[in-house]
Amino acid sequence: MKTTIPSFSAPKRLSLAGRVAGTLVALLLLGVAPSAHAQTWMVSTTAQIKLGVLDKYGQIGPYTATFIVHNERTGKDYFLVKELVKGQNGVDVLFPTEPSDPTYFKSETGEAANPVPGRYTWECRVKGVKAVGGRFTFPEVGNDVTVVSSGK
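It should be emphasised that the depicted structure is a prediction, and the values quoted were computed from it without experimental measurement.

**Student:** Requested: an account of the side chain of N71, with residues and values cited.
**Tutor:** Residue position: N71 is located in strand 2 (residues 63–71). For N71, the side chain forms a polar contact with the side chain of Y120, separated by 3.2 Å. In this structure, N71 is in contact with K76, R119 and Y120, ignoring residues within four places of it in sequence.

**Student:** Just give me the short version of the pattern of salt bridges, but keep the residues and values in it.
**Tutor:** This model, assessed by the stated rule, comprises four salt bridges. K50 is the salt-bridge partner of D92, the closest N and O atoms lying 3.9 Å from each other. One end of the pair, D92, is in strand 4 (residues 90–95); the other, K50, is in strand 1 (residues 49–54), with 42 residues separating them in the sequence. The closest approach of N and O atoms between E111 and K76, which form a salt bridge, is 2.8 Å. You can see E111 sitting in the loop between strand 4 and strand 5 (118–126) and its partner K76 sitting in the loop between strand 2 and strand 3 (77–84), a full 35 residues away along the chain.

**Student:** Just give me the short version of unusual backbone geometry, but keep the residues and values in it.
**Tutor:** Across residues other than glycine, the phi torsion is negative in most instances, and most of the peptide bonds are trans. Residue P96 is reached from F95 by a cis peptide bond, and omega for that bond is -10 degrees. Position of P96 relative to the elements: it lies in the loop between strand 4 and strand 5. Its identity is not glycine, yet K127 carries a phi of approximately 55 degrees, on the positive side. Inspection of the secondary structure assignment puts K127 in the loop between strand 5 and strand 6 (129–138). Accessibility expressed as a relative area gives 56% for K127, which makes it exposed.

**Student:** Please set out the sheet that holds strand 5 residue by residue, giving values where relevant.
**Tutor:** Judged by pairing direction, the sheet is antiparallel, and its four strands sit side by side in the order 3-2-5-6 without closing on themselves. If you trace the sheet from one side to the other, it starts and ends with strand 3 and strand 6, each paired once. Here the average twist between neighbouring strands, direction ignored, is 15 degrees. Note that strand 5 and strand 6 share nine bridges and pair antiparallel. If you follow E123 over to strand 6, its bridge partner there is G133.

Rules used throughout
- Residues numbered from 1 in each chain as written.
- Predicted model: local features only at pLDDT ≥ 70, side-chain atom pairs only at ≥ 80, totals over all residues.
- Heavy atoms only, no water.
- Helix = DSSP H or I, 4+ residues; strand = E, 2+ residues; numbered from the N terminus.
- Polar contact = N/O pair within 3.5 Å; in protein donor to acceptor, adjacent residues only side chain to side chain.
- Contact = heavy atoms within 4.5 Å.
- Salt bridge = Lys/Arg side-chain N within 4 Å of Asp/Glu carboxyl O.
- Buried < 20%, exposed > 50% of the residue type's maximum accessible area, 1.4 Å probe, protein only.
- Pairing = 2+ DSSP bridges.
- Axes fitted to C-alpha atoms, helices over the stretch in contact; angles between N-to-C directions.

Next comes the structure, spelled out in structure tokens:
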């Protein structure tokens, strides 16, 4: 008695045809889809306020300048002390300074000043007496990134 085994070559042909069709559809979709490019721009914006004091005629000699910045919203004060040597009549400082800077604006508890938007007052004391002062509004900053097309 002979037993006939049916041929399974038809499903293999369908399988191969399905793979070819799937590959063609994938290629078609990749060709139609917009190409994605990784954005290579990095952005940062940091606002700082420049404060300064100057002995215009150089009459004081070496002195200690203590900058005090007061945040009106939080009520916190931040201090920065600069020692000026003979021949150095003045100094400019940036508020806030980076905490990695060995002389940075900090509160009495050692907290570093942050660039928080709002109103501030400041003064500089020379030899313990207020020499100059003022006020400023710290701006709010933000960043925008635009993807630039290569025009292809």
